[in-house]
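A look at the structure
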Amino acid sequence: MKQLVIEGNRNLTGEIKISGAKNSVVALIPAAILSYEEVTLYNVPNISDTLSLIDILKLLNCNVDYHNDKMIINNKNIENKVITEDLSKKLRASYYFMGALLAKFNYAEIYFPGGCNIGSRPIDFHIKGFEKLGAEVIIDGNKYIFKAKKLKGAKIYLDFASVGATINIMLAAVKAEGTTYISNAAKEPEIVNIATLLNNMGAKITGAGTSEIKIEGVEHLGKGVIDVIPDRIEAGTYVIMGALLGKKLEISGIIEDHIEALLSKLKEMGVDIKVVKDSKIIINAPESLRPINVKTLVFPGFATDLGQPMSVLLTQANGMSIFEETIYENRMGHIKYLQKMGANITLTDRTAIITGPTKLYGTDVVATDLRAGAAMVIAGLIAEGTTYVEEIEHVLRGYENIIEKLTAVGAKIEIIEE
Ligand code: EPU
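A brief structural summary. (Residues numbered from 1 in each chain as written. Predicted model: local features only at pLDDT ≥ 70, side-chain atom pairs only at ≥ 80, totals over all residues. Heavy atoms only, no water.)

**Re the site of the ligand**
In the vicinity of the ligand, 22 residues are found, and the nearest of them are D124, S162, D305, I327 and R371. Interatomic distance of 3.0 Å between a side-chain N/O atom of R331 and an oxygen atom of the ligand. Broken down by secondary-structure element, the contributors of at least two residues to the shell around the ligand are α1 (22–32), α5 (124–132), α6 (163–173) and α12 (370–382). (Near = heavy atom within 4 Å. Polar contact = N/O pair within 3.5 Å; in protein donor to acceptor, adjacent residues only side chain to side chain. Helix = DSSP H or I, 4+ residues; strand = E, 2+ residues; numbered from the N terminus.)

**Details of the environment of S264**
For S264, the location among the structural elements is in helix α9 (residues 260–269). By relative accessible area, S264 is classed as partly exposed at 36%. As for S264 and I54, which are separated by 210 residues in sequence, their C-alpha atoms are 37 Å apart. (Buried < 20%, exposed > 50% of the residue type's maximum accessible area, 1.4 Å probe, protein only.)

**What about the sheet that holds strand β12 (residues 212–216)?**
Spatially, four strands are ordered β9-β10-β12-β11 in an open sheet, and the strand pairing comes out mixed. The open sheet has two edge strands with one neighbour each: β9 (155–157) and β11 (204–206). Taking each pair of neighbouring strands and ignoring which way they run, the sheet shows an average axis angle of 15 degrees. Sheet topology places β9 next to strand β10 (residues 179–183); three bridges connect them, and they run parallel. When the sheet's bridge partners are listed, I156 is paired in β10 with I182. (Pairing = 2+ DSSP bridges. Axes fitted to C-alpha atoms, helices over the stretch in contact; angles between N-to-C directions.)

**A short note on the environment of I283**
Structurally, the position occupied by I283 is in strand β16 (residues 280–284). Given a relative accessible area of 0%, I283 falls into the buried group. With 36 residues separating them in the primary sequence, I283 and K247 have C-alpha atoms 6.9 Å apart. In this structure, I283 is in contact with V239, G242, A243, G246, K247, K248, L249, I251, V271, D272 and I273, ignoring residues within four places of it in sequence. (Contact = heavy atoms within 4.5 Å.)

**Some thoughts on the pattern of salt bridges**
Summed over all chains, the structure comprises 14 salt bridges. Between K22 and D49 there is a salt bridge whose closest N-O contact spans 3.9 Å. Residue K22 is found in helix α1, and its partner D49 is found in helix α2 (residues 48–59); the two are separated by 27 residues along the sequence. Each of the two residues, K22 as well as D49, counts as buried. (Salt bridge = Lys/Arg side-chain N within 4 Å of Asp/Glu carboxyl O.)

**Notes on the packing of aromatic side chains**
On inspection of all chains with the given rule, the structure shows four aromatic pairs. Note on F130 and F146: the rings are 5.3 Å apart at their centroids and 85 degrees apart in plane angle, and the pair reads as edge-to-face. Placement of F130 in helix α5 and of F146 in strand β8 (residues 143–147) is noted, with a sequence separation of 16 residues between them. In this structure F146 comes out as buried when scored by relative accessible area, which is 0%. Cluster of aromatic residues (ring-pair linked, three or more members): F112, F130, Y144 and F146. Positioned above the aromatic ring of Y36 is the side chain of K104, whose terminal nitrogen or guanidinium carbon lies 3.4 Å from the ring centre. (Phe/Tyr/Trp six-rings, centres within 6.5 Å; stacked < 30°, edge-to-face > 60°. Lys NZ or Arg CZ within 6 Å of the ring centre and 35° of its normal.)

**Points about unusual backbone geometry**
Following F299, the chain continues to P300 via a peptide bond in cis, the omega torsion being 10 degrees. Inspection of the secondary structure assignment puts P300 in the loop between β17 (293–295) and α10 (307–314). Across the junction of G356 and P357, the peptide omega takes the value 0 degrees, indicating a cis bond. Topologically, P357 is positioned in the loop between β20 (351–356) and β21 (364–366). If you check the backbone angles, N184 has positive phi at about 60 degrees while not being a glycine. The topology assignment puts N184 in the loop between β10 and α7 (189–200).

**What about the nonpolar core?**
Counting residues in each nonpolar core, the largest one holds 79 residues, and the members touching the most others are L41, M71, F97, F146, M170, L198 and I205. L198 has contacts with A31, L34, M170, L171, V174, A203, I205 and L221, leaving out every residue within four places of it along the chain. Within the second largest apolar cluster, 74 residues are counted, among which are I6, I240, A303 and M376. (Core = buried A, V, L, I, M, F, W, Y, C linked by side-chain atoms within 4.5 Å.)

**Some points on the sheet that holds strand β1 (residues 2–7)**
Sheets are built from strands that pair by backbone hydrogen bonding, the pairs being arranged parallel or antiparallel. The strand order across the open sheet formed by four strands is β21-β22-β1-β23, and the pairing between neighbours is mixed. At either margin of the open sheet sits one strand with a lone partner, and together these are β21 and β23 (412–417). Strand-to-strand twist of the sheet, defined as the mean angle between neighbouring strand axes without regard to direction, takes the value 25 degrees. Note: β1 against strand β22 (residues 386–390), five bridges, orientation antiparallel. Counted as the bridge partner of V5 is Y388 from β22. Here α12 sits on the sheet in contact with β1, β21, β22 and β23, set at roughly 35 degrees to β1.

**Looking at helix α8 (residues 232–245)**
Under the 1.5 Å per step criterion, the end-to-end length of α8 is 20 Å for 14 residues, consistent within 8% with the ideal 20 Å. Judged by how many residues are buried, α8 sits mostly within the fold: 14 of 14 residues are covered. Here α8 starts with a cap whose side-chain oxygen sits 2.9 Å from the backbone nitrogen of I233, and that cap is D231. (Expected span 1.5 Å × (residues − 1).)

Here it is in C-alpha cells:
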C-alpha cells in the first residue's frame, strides 16, 4: 500500500511549471483515432490516465510513440474491438471512445466508464446525443453497444452544459452527414482544445468555447498536431498552496484567463498575486486571509475541481466562509478528514460552513477521490506534524510529478510503500 507522507508548515519558494491538462489530453487521445494518418500531441502529461488510454489505443492496434511529453499516434492499422470492462473502468474518459469509434466505424462496444466517485454521474446526455445522430444504443448489463447505418447531423440541446457530453457528441458528429448543432454546450477551455485538434485534422467546427457549437460533417480526417493546454486545475491547486505558504512562489506555464475565477476570489481574500506575464504568476501568502463565499459553477465560473482544494484555504480565513458545490452531489468526502485534522466545518448536504482560522494537525487521512486527494496534500502542507495520505493512486491520476514539483519548492513530501 502506497502512502504520501507530508511534514507540514514549510514555506514554498521557487518555480512550479504546470503540465498539460488531464481533462484535455484524455479527450485528445480518443479524438486522434478519427484520423487515418499520424496525430502528434505535445505537452502530454505523464499521469496514469494517459497511460490507461495508451492501453486502449494498443488494444485497438494503434501505434503509439510516447517520449517525454510528445505522443505520436499512428492509426494506419486500427481495428474496432470491444473495449474491455477492465480498461473502461480505469478512468472516466474511456467514454470518449464511444463517440470516436461510433464516428469511425459506425459501431462501438464499451463498458460503463470509471472515474472518481463524486456522484452518480449518468451519461444520459451522451446517449441521447448519439441517438439524435442516428445511432441505436443497446445497454447489455453494464456494456453499451452503439450502432448506426450512417450518422446524420442533428440539432441537439443539452439539459445541462456537460463537458463530457459536449465533447462526445462533437467526436461522433465530425464525420456525420450534414450539420450538427449543440445548444447549451459546455464552454470549458478543454472543449476548445479538442475542437482545435479536430479542425487541424480537417473537421469543420465553429463556436467551441461558446454555448452554441456547429459541426459540419466531413468525410475524411487526416494528419493533426496540437499542444495540450496547461492544466488549469493543477495550476489552481498550486496557486492555492501559494496563498497559504508562498514566499515568492512562481507558477509558470499557465493561461491566466483559465483560472480567472480563482484568482479573483483569492484577491478578495487578500492574497498577494502578481501576474508577471500572461503565463506566469507570483504568489505571496498574506499574514491573514479574509473569509469569502465560494460556489462552484460551469466555466467561466469557479471550477468544481478546485472546490475541494479551496475549502482547505477557507479553514485559514479569519471568520466564516461558505463553500457550496453545485455540480456533483458527492464532492465533500474530504470534509471529514479536514475535521479530523482540526478544521471547524459544518456540512449540510453540499454546503460547508467553514470557520477559521484553525490550526490543522497531521494525522492519517484518505484521498477519497482525485481532488479530495489534492485537498489532503494542501492540508498536510499547512498542518503541524506529519500527515499520512492513503489511496494516493487517485492523486497520481491527475498530478504529474507532484512529489518532484513540491520538493523543488521546499515541501517535505514523499511516497512510502508498506
Ligand atoms: N451529467 C448528467 N448526464 C450526463 C452527463 C453529465 O446528468 O449525461 C451531470 C453529471 O452527473 C454532473 C454534471 O452533469 O452532475 C456535470 O458533468 P460533466 O459531464 O460536465 O462532467 P464530466 O464530463 O463527467 C468533466 C471532468 C471532471 C470535471 C467536470 C466538470 C473529465 C474526464 N472529467 O467530467 O473532472 O469535474 O467535467 O468540469 O474531463 C476531475 O478532474 O477531478 C474531474 C472530476
